[in-house]
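Structural description and commentary
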Amino acid sequence: MFDFHFGTRDEIIKNDEEFVLFTKRMLPRWINGIPDSECLALYRILKVNNLKKTALIETGCGASSIALVFHAILNDCKVVSWDTNPSKGSFLKSVINEAICKPLNANINDYWEFIAFDSTNNHLGIAVLSEMKIKPTLGFFDSLHTLDHLIAEINAYSDSASDIFYVVLDDANYTNKEENFSYINMLRTKLKLPSIEQPISNVCKPYHEEIQQFLSEKFKKVERIENDFEKLMTDDIYFDYFQSDWKQMIQKGMAKKTKDRFVSFKIEK
Ligand SMILES: C[S@@+](CC[C@H](N)C(=O)[O-])C[C@H]1O[C@@H](n2cnc3c(N)ncnc32)[C@H](O)[C@@H]1O
């Protein structure tokens, strides 16, 4: 059950950030993949840039979906999320329904579309937005974590995006081009297999640099915009709460507490 009582609709709206964290902190670790500071920084990007009556997309669902769908309900937006793991979509639906939609008297289906498929697929991935006549304004990318896949996602998204659009990246400090060897090695360790050495050809510049360059070659104006992640990160209890797991992720090169982990861009076509 996720219908813990936070307060009335007015109290939720007045204490919106506290409510986002209240809901996020009910999630188990497997679906709570970003720090609290990053979830709040994402939520603030939506608020500060006044994103209303528009579409928002996401690849790799979890805590980020809470921030996006909550904002969508309050601002008449539609969120479309892709994740290859259908259980995540189903689990999040019950959390969002009970914790957010019930007190706000909202129908989740009016605000959230979850697609359990590869985000880069031509027939079911981000490319379907144009068939669905959806022009998104913001995309949050947190799925496979390879540069090639990320570029394919952003390409498809920018094709259907509005004339001014936002790109927000998680793990933007990563440098894996074709394969994510940190993740592969973490899973191999669980199988008691030796780690694979990453070939030098797989190393690219950090995603925030590669993506800024990619977008700049394609569009009229690309601006890296400020967000509150660095400021919020300092006092984030998520890192202490999941300390043991984070220690392993840092050792395997999967996580780093750096401001370049969460990066946002504003683009003009
Ligand atoms: C790091 S998690 C996402 C964390 C989430 N944003 C959060 O806030 O908790 C990455 C997710 O990407 C999904 N994924 C991996 N490859 C994908 C692909 N090709 N298309 C869509 N989703 C994918 C995985 O199933 C996984 O759930």
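Residues numbered from 1 in each chain as written. Predicted model: local features only at pLDDT ≥ 70, side-chain atom pairs only at ≥ 80, totals over all residues.

**What about the overall build of the protein?**
Scanning the protein from N- to C-terminus turns up 13 helices and 7 strands. By its C-alpha atoms, the protein is 55 × 45 × 35 Å across when sized along the principal axes. Evaluated residue by residue, the protein yields a buried proportion of 40% over its 269 residues. Pairs at least 24 apart in sequence give 78% of the contacts found in the protein among residues at least 6 apart. (Helix = DSSP H or I, 4+ residues; strand = E, 2+ residues; numbered from the N terminus. Buried ≥ 20, exposed ≤ 12 C-beta atoms within 10 Å, placed from the backbone. Contact = placed C-beta atoms within 7 Å.)

**Examining helix H13 (residues 243–251)**
Counting buried residues along H13, only 0 of its 9 residues qualify, which leaves the element largely exposed. With its phi angle positive at about 80°, Gly 253 sits one or two positions after the end of H13.

**Observations concerning the site of the ligand**
Not every one of the 19 residues close to the ligand is listed here, only the nearest: Gly 33, Gly 60, Gly 62, Ser 64 and Ser 143. Considering only residue class, the shell around the ligand consists of 5 nonpolar, 10 polar and 4 charged. (Near = placed C-beta within 6 Å. Nonpolar A, V, L, I, M, F, W, Y, C, P; charged D, E, K, R; others polar.)

**Quick notes on the environment of Arg 261**
Examined against the element boundaries, Arg 261 turns out to sit in the loop between H13 and strand S7 (263–268). On the basis of neighbour counts, which here come to 24 C-beta atoms within 10 Å, the residue Arg 261 falls in the buried class. Excluding residues within four positions of it along the chain, Arg 261 makes contact with Asp 171, Ala 172, Asn 173 and Lys 256.

**Brief notes about the packing of helix H4 (residues 63–75) against helix H5 (residues 86–104)**
At their nearest, the axes of H4 and H5 sit 11 Å apart, and the two run at 30° to each other. The handedness of the crossing between H4 and H5 comes out as right-handed. Here H4 contributes Ser 65, Ile 66, Val 69, Phe 70 and Ile 73 to the contact with H5, which in turn contributes Leu 92, Ile 96, Ile 100 and Leu 104. Tallied by class, the residues present in the contact of H4 with H5 amount to 8 nonpolar, 1 polar and no charged. (Axes fitted to C-alpha atoms, helices over the stretch in contact; angles between N-to-C directions. Left-handed = near helix turned anticlockwise from the far one by under 90°.)

**As for the pairing of strand S4 (residues 136–141)**
Counting buried residues along S4, 6 of its 6 residues qualify, which places the element largely inside the surrounding structure. Bridging between strand S1 (residues 55–59) and S4 involves 5 bridges; their strand directions are parallel. Looking at the pairing, Leu 56 lines up with Leu 138 of S4. Each parallel crossover has a hand, and for S4 linked through helix H8 (residues 147–160) to strand S5 (residues 164–169) it is right-handed. (Pairing = 2+ DSSP bridges. Right-handed = clockwise from strand over helix to strand, strands pointing away.)

**Details of the nonpolar core**
Core analysis: the largest hydrophobic core is formed by 66 residues, its most contacted members being Cys 39, Leu 56, Val 69, Val 79, Ile 96 and Val 167. Looking at which element gives the most residues to this core, the answer is H4, with 8 residues. When sequence neighbours within four positions are dropped, the list of residues in contact with Val 79 reads Leu 56, Glu 58, Leu 68, Val 69, Ala 72, Tyr 111 and Trp 112. (Core = buried A, V, L, I, M, F, W, Y, C linked by C-beta atoms within 7 Å.)

**Regarding the environment of Tyr 207**
By the secondary structure assignment, Tyr 207 is in helix H10 (residues 207–218). When the C-alpha atoms of Tyr 207 and Ala 172 are compared, they prove to be 4.8 Å apart, with 35 residues separating the residues in sequence. Setting aside chain neighbours within four positions, we find Tyr 207 in contact with Leu 147, Leu 150, Leu 169, Ala 172 and Tyr 174.

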